[in-house]
Amino acid sequence: MKNLEIEEILYEIADILEIQGVEFKPGTYRKAARNIETLGEDIREFYKKGKLKDIPGVGEHIAKKIDEIIETGKLDYLEKLRKEIPRHLSELLQIQSLGPKKAKILYDKLKIDSLAKLEKALEQHKIQSLEGFGEKSEQDILERLKLMKKGQERMLLGLALPIAKELKSKLEKLKQAKKIVIAGSLRRKKETIGDVDILAVSAHADEIMDYFTSMDDVSKVLAKGPTKSSVLLNSNLQVDLRIVKEDEFGAALQYFTGNKDHSIKTRLLANKLGYKLSEYGLFKGKKRIAGKTEQEIYKKLKMQCPEPEIRENTGEIEAALENKLQKLIPYNSIKGDFHTHSNYSDGSSTMKEISDAALNIGYEYICIADHSKSSRIAHGLDETKLLKKLDEIKELNKSYKKFKILKGAEVDILKNGELDYSDDILKKLDIVLASVHSSFKMPEKEMTERISAALSNKQVDILAHPTSRMFGQRPEINIDLEKIFEVCKKNKIYPEINSTYTRMDLKDTNIRKALEHGLKFCIGTDAHNANQLENIEIGVSQARRGWCGKKDIVNTSSLKELGKFFRKIS
DNA sequence: GCCGTTTTCGGCCCGACTGTTTTCAGTCG
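Since the structure is predicted, the reported quantities are computational estimates derived from the model, not experimental observations. (Residues numbered from 1 in each chain as written. Chains lettered and ligands numbered in written order. Predicted model: local features only at pLDDT ≥ 70, side-chain atom pairs only at ≥ 80, totals over all residues. Heavy atoms only, no water.)

Quick word on the protein's contact with DNA strand B
Right, on to step 1. The environment of DNA strand B is made up of 44 residues, and the closest members are Gly134, Lys224, Tyr255, Arg267 and Tyr280.
Right, on to step 2. The protein-proximal atoms of DNA strand B, defined as those within 4 Å of the protein, are 74% sugar or phosphate.
Right, on to step 3. Going through the elements one at a time, helix 2 (25-37), helix 4 (60-72), helix 6 (100-110), helix 8 (135-150), strand 5 (218-224), helix 13 (260-272) and strand 8 (276-278) are the ones with two or more residues in the surface near DNA strand B.
Right, on to step 4. The residue inventory of the surface near DNA strand B, partitioned by class, reads 16 nonpolar, 14 polar and 14 charged. (Near = heavy atom within 4 Å. Helix = DSSP H or I, 4+ residues; strand = E, 2+ residues; numbered from the N terminus. Nonpolar A, V, L, I, M, F, W, Y, C, P; charged D, E, K, R; others polar.)

Pasting the structure below:
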């Protein structure tokens, strides 16, 4: 994909222009870059059709620049800018608390144009005597530089969520706190989290802030004020806490949930209607006309209230204005899990433990789908073992009344596109999941053919973790997803939304793409022990980010209705 | 440089916190 390269160029232009003190243009370049980032499609498709200007924030001039990058692989304008500003000066902007103005001063006065030179100057205490800097800012910049070198990577949703929930319950125990809510990208359930935003309603802000900034786990207090404080935890995770009044709660929540583009756009909308929107409310002149809830604010803006997971400024505002947003799948609407592993293969719980846990959650069914024989590392089952397992399921099912264990398998798609079990074996299963577990680096054409071949087998029901990405381990496999979705549609196959927090596969933008093909999905936890069944929350949030309603997700159906979706279940 | 049920020209979100200052500029979200 060319997108990443183009984004980076546009961001670099923005940084340089900003350091040069150019007004407004940096914002324009950043906006265009962000919109390309969230495009979810190869920008060369827009280029080929001559439709670059259809991308929001891309106008005549930026479109021309993108043309040049695609055609020649470089951009004269950027080369020219780089000559005006030292190559690495913009890397100073990566440091929190250093912005364009201060970076410019550092360069003008001390010829600092790289992080290395900055560090040296800090150690020699040359910074504190500069105009606008002092002892404290020198110390602060040094600390943040060290932090950055340690690497402040974004944290995966599945890791940040439990930390945030624990913080929330700690704060809830304070009697001064009336309401504690998680906002920000965590509320939007973005797949990675930069920091945790918590919003509180209280009339005793001081006491809460004192507690918050002195918690055991706090390694540094970044800011502390009566309405807003920021701390860094030992895990390097930044947590921001804001305290607002009851009447402002909805406005504050709307603002702190974001994302940034969504907030800005709603504020612009407010302006157009003659209002002013801030985190304190929606105002007409000095009079607050809404602010207690998000719903009343959006209502005054003459639009539906988009659910947090889709507030990314990727079309939700336009849809909400036209009253075209469908209700997203509710978190409590899942009736069963199609993807779990028992100790027959690489799971650690017995089939009984898994099904009892499922029953306990309130599920009506659970599909236990262990690995097939080629997955040796995962102790995949050979035919004999599989048949034994099916017998055991039959026995176990006798002990349940309104609950059923479905006979499943996660069958490897072999390198040649064949499945790892014969049709005769597959026919004995209720549900067949097919997935790729080997030769991840195949070229796109070959991989697409491999998967398409597997999906043309009539026994297959679900394509599990379709792109096989693993955060920090391997990227998405090379496939033409559009083609795969067409094959799914033709053969009545459901792509999976895998809930494992290191997978989250399909991802949000791909789910939206699949929806356009008229596909339905199965959400699966890929649980390897009974406790992991609760990870379904991650999958549902991902489905919501992909704009799915209840009807788009097969496992919102009751046990009785499953026959409508799976050919081997009656 | 982009964009338009206020505009094809003239706007471009809005407020808190910090440090360095004597009233504010810079940065962040």
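Having seen the model, we can carry on.
Description of the pairing of strand 13 (residues 404-412)
Right, on to step 1. Among the nine residues of strand 13, seven are classified as buried, and the element is accordingly described as predominantly covered.
Right, on to step 2. Strand direction decides the pairing type here: strand 12 (residues 365-371) and strand 13, joined by seven bridges, are parallel. Its bridge partner being in strand 13, Asp370 is matched across the sheet by Ala409.
Right, on to step 3. Between the parallel elements strand 12 and strand 13, the chain passes through helix 17 (residues 383-397) in a crossover that is right-handed.
Right, on to step 4. Relative to strand 14 (residues 431-435), strand 13 is paired through five bridges, and the arrangement is parallel. (Buried < 20%, exposed > 50% of the residue type's maximum accessible area, 1.4 Å probe, protein only. Pairing = 2+ DSSP bridges. Right-handed = clockwise from strand over helix to strand, strands pointing away.)

Topic: the sheet that holds strand 9 (residues 281-284)
Hydrogen bonding along the main chain pairs the strands of a sheet, whether they run parallel or antiparallel.
Right, on to step 1. An order of 8-9-10 is seen for the three strands of this open sheet, with the pairing classed as antiparallel. Pairing within the sheet leaves two strands with one partner each, and these edge strands are strand 8 and strand 10 (287-290). For this sheet the average axis-to-axis angle between neighbouring strands, irrespective of direction, equals 40°.
Right, on to step 2. Sheet topology note: the strand 9/strand 10 ladder contains three bridges and is antiparallel. Counted as the bridge partner of Leu282 is Ala290 from strand 10.
Right, on to step 3. Strands in contact with helix 13 are strand 8 and strand 9; relative to strand 8, the strand with the most contacts, it is inclined by about 155°. (Axes fitted to C-alpha atoms, helices over the stretch in contact; angles between N-to-C directions. Contact = heavy atoms within 4.5 Å.)

A few points about the pairing of strand 2 (residues 179-183)
Right, on to step 1. Burial runs high along strand 2: four of the five residues are buried.
Right, on to step 2. Alignment of strand 2 against strand 4 (residues 195-201), held across five bridges, turns out to be antiparallel. Pairing of Ile182 across the sheet is with Ile198, part of strand 4.

Quick notes on the domain arrangement of chain A
Accessible area lost when the parts come together is the quantity often used to give the size of an interface.
Right, on to step 1. Each assigned domain of chain A is listed with its residue range as follows: domain 1 (1-85), domain 2 (102-152), domain 3 (155-244), domain 4 (248-321) and domain 5 (336-564).
Right, on to step 2. Summarising the inter-unit geometry, the C-alpha centres of domain 1 and domain 4 are found 29 Å apart. (Domains from an automatic or database assignment.)

Observations regarding the environment of Asn529
Right, on to step 1. Here Asn529 is to be found in the loop between strand 17 (522-524) and helix 22 (536-545).
Right, on to step 2. Taking C-alpha positions, Asn529 is 56 Å from Gln20, a pair spaced 509 residues apart along the chain.
Right, on to step 3. With near-sequence residues (within four places) excluded, Asn529 lies in contact with Ser348 and Ser349.

Topic: the nonpolar core
Right, on to step 1. Core analysis: the largest hydrophobic core is formed by 57 residues, its most contacted members being Ile451, Leu455, Ile523 and Ile553.
Right, on to step 2. No other element matches the five residues that helix 20 (residues 481-491) contributes to this core.
Right, on to step 3. When residues no more than four places from it in sequence are discounted, the contact partners of Ile451 are Ile413, Val436, Leu463, Ile477, Ile479 and Ile484.
Right, on to step 4. Counting 45 residues, the second largest nonpolar core, distinct from the first, contains Leu75, Ala103, Leu118 and Ile127. (Core = buried A, V, L, I, M, F, W, Y, C linked by side-chain atoms within 4.5 Å.)

What about the side chain of Ser342?
Right, on to step 1. In this structure, Ser342 sits in the loop between strand 11 (336-340) and helix 16 (351-361).
Right, on to step 2. Residue Ser342 is classed as buried on the basis of its relative accessible area of 0%.

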